[in-house]
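Fold and geometry: a report
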Amino acid sequence: MMIRKWIKMFVLLALCGTAAAAWGAAADKEGSRIDSLLEAAGRRAEGRAMAAQLRAELDSRVTNEPLMRLWRRAVGHDETARLEAAWSILRVWCPEGDASRWAEVDYCELPSETPRPLMVIDALYSALIELRKTEAGVWLANELLHEFSCSSHGRYDFLGVCPAPVAAAVEDIVARTGMIGLWKPRQVVGRLPIARPVSGSVSDSYAMDQGMQFLDGAGRPANNGFYAWDRKSGNIYRVRVIIPPLF
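Quick notes on the rules
Residues numbered from 1 in each chain as written. Predicted model: local features only at pLDDT ≥ 70, side-chain atom pairs only at ≥ 80, totals over all residues. Heavy atoms only, no water. Pairing = 2+ DSSP bridges. Helix = DSSP H or I, 4+ residues; strand = E, 2+ residues; numbered from the N terminus. 1 Å grid on protein atoms, 1.4 Å probe; cavity = no way out; pocket = protein on both sides within 12 Å on 5 of 7 lines; lining within 4 Å. Points joined across faces, edges and corners; volume = space filled by probe spheres on them. Nonpolar A, V, L, I, M, F, W, Y, C, P; charged D, E, K, R; others polar. Phe/Tyr/Trp six-rings, centres within 6.5 Å; stacked < 30°, edge-to-face > 60°. Buried < 20%, exposed > 50% of the residue type's maximum accessible area, 1.4 Å probe, protein only. Lys NZ or Arg CZ within 6 Å of the ring centre and 35° of its normal.

**What about the sheet that holds strand 6 (residues 213–215)?**
- The sheet built from 5 strands is open, its strands ordered 5-9-8-6-7 with mixed pairing. Whereas interior strands pair on both sides, the edge strands pair on one side only; in this sheet they are strand 5 (198–203) and strand 7 (221–222).
- Here 3 bridges tie strand 8 (residues 227–229) to strand 9 (residues 236–240), and the two strands are oriented antiparallel to one another. Across the sheet, the residue bridging to W229 is I236, located in strand 9.

Structure (structure tokens):
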């Protein structure tokens, strides 16, 4: 009987030791997780502060100019001019300076017949590409992505499908700021800038066969429309509607 009691005591002590070790490991793991969360929260707070300072600086340099003039600088070769012009488009031309309202900058610039909504998206793309180049900029780009994504159509059509430089910029911004959610594009296609003068024409059936994106009369993506945008080549065409003869 004494032997059995000693065995039971040994087993109980062993179990207690195992439980204590397990509890200690769990406590260490939980403590490490809390430390990581606190560190991430601190980085976000610091990032927001840097973004606010950069936003104020860029806002102070905003200029109210014709869209075509700003767009040409936003897609030009001067990096400093690109960011300032792109920011001016987003803050002056988008209603209330809200990038998610890109579609309200509608119709075409004449006489070139360049879709204005695509010019605004070019400004968004230029801003994201330029902002990622600095630590403060990457956090402001994070805010800009969230702001633009309030437009579900905008996110679907222009972040879900985008040229390679934009996809790379978004991937970098997401990784460096720890953004949550699905930001990887469905398709990487085309080249910058995406806004082009309308040139030539195609039939609606040809546009559909080639997988082109239709644009409505205001220059916005639609299921059908007056224009067809070949995202691979970047060309934008007028759509000819061919009506078959009655007899």
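**Quick word on unusual backbone geometry**
- Looking along the chain, the bond that leaves L110 and enters P111 is cis, with omega of 10 degrees.
- On the secondary structure map, P111 appears in the loop between strand 1 (108–109) and strand 2 (114–115).
- Residue P193 follows L192 across a cis peptide bond; omega there is -5 degrees.
- Following the sequence through the fold, P193 ends up in the loop between strand 4 (187–188) and strand 5.
- Positive phi, normally seen in glycine, also occurs at E96, with a value near 60 degrees.
- If you trace the backbone, E96 turns up in the loop between helix 3 (79–93) and strand 1.

**Section: empty space enclosed by the protein**
- Throughout the structure, instances matching the rule amount to 1 cavity of 30 Å³ or more.
- Empty space within the largest cavity amounts to approximately 60 Å³.
- Lining the largest cavity, in full, are P163, V189, G190, R191, P193, I194, R196, W229, R231 and G234.
- The class makeup of the residues in the lining of the largest cavity is 5 nonpolar, 2 polar and 3 charged.

**A closer look at the packing of aromatic side chains**
- On inspection of all chains with the given rule, the structure shows 2 aromatic pairs.
- Here W102 and F158 contribute two aromatic rings whose centre-to-centre distance is 5.2 Å and whose plane-to-plane angle is 85 degrees, an arrangement assigned as edge-to-face. A residue pair is termed long-range when its members are at least 10 positions apart, and W102 in the loop between helix 3 and strand 1 and F158 in helix 6 (residues 152–159) qualify at 56 residues.
- Residue classification places W102 among the buried positions, given a relative accessible area of 3%.
- Residue F158 is classed as buried on the basis of its relative accessible area of 0%.
- An aromatic cluster is present here, built from W102, F158 and W229 joined pairwise through their rings.
- Above the face of the W183 ring, R155 is positioned so that its terminal group lies 3.9 Å from the ring centre.

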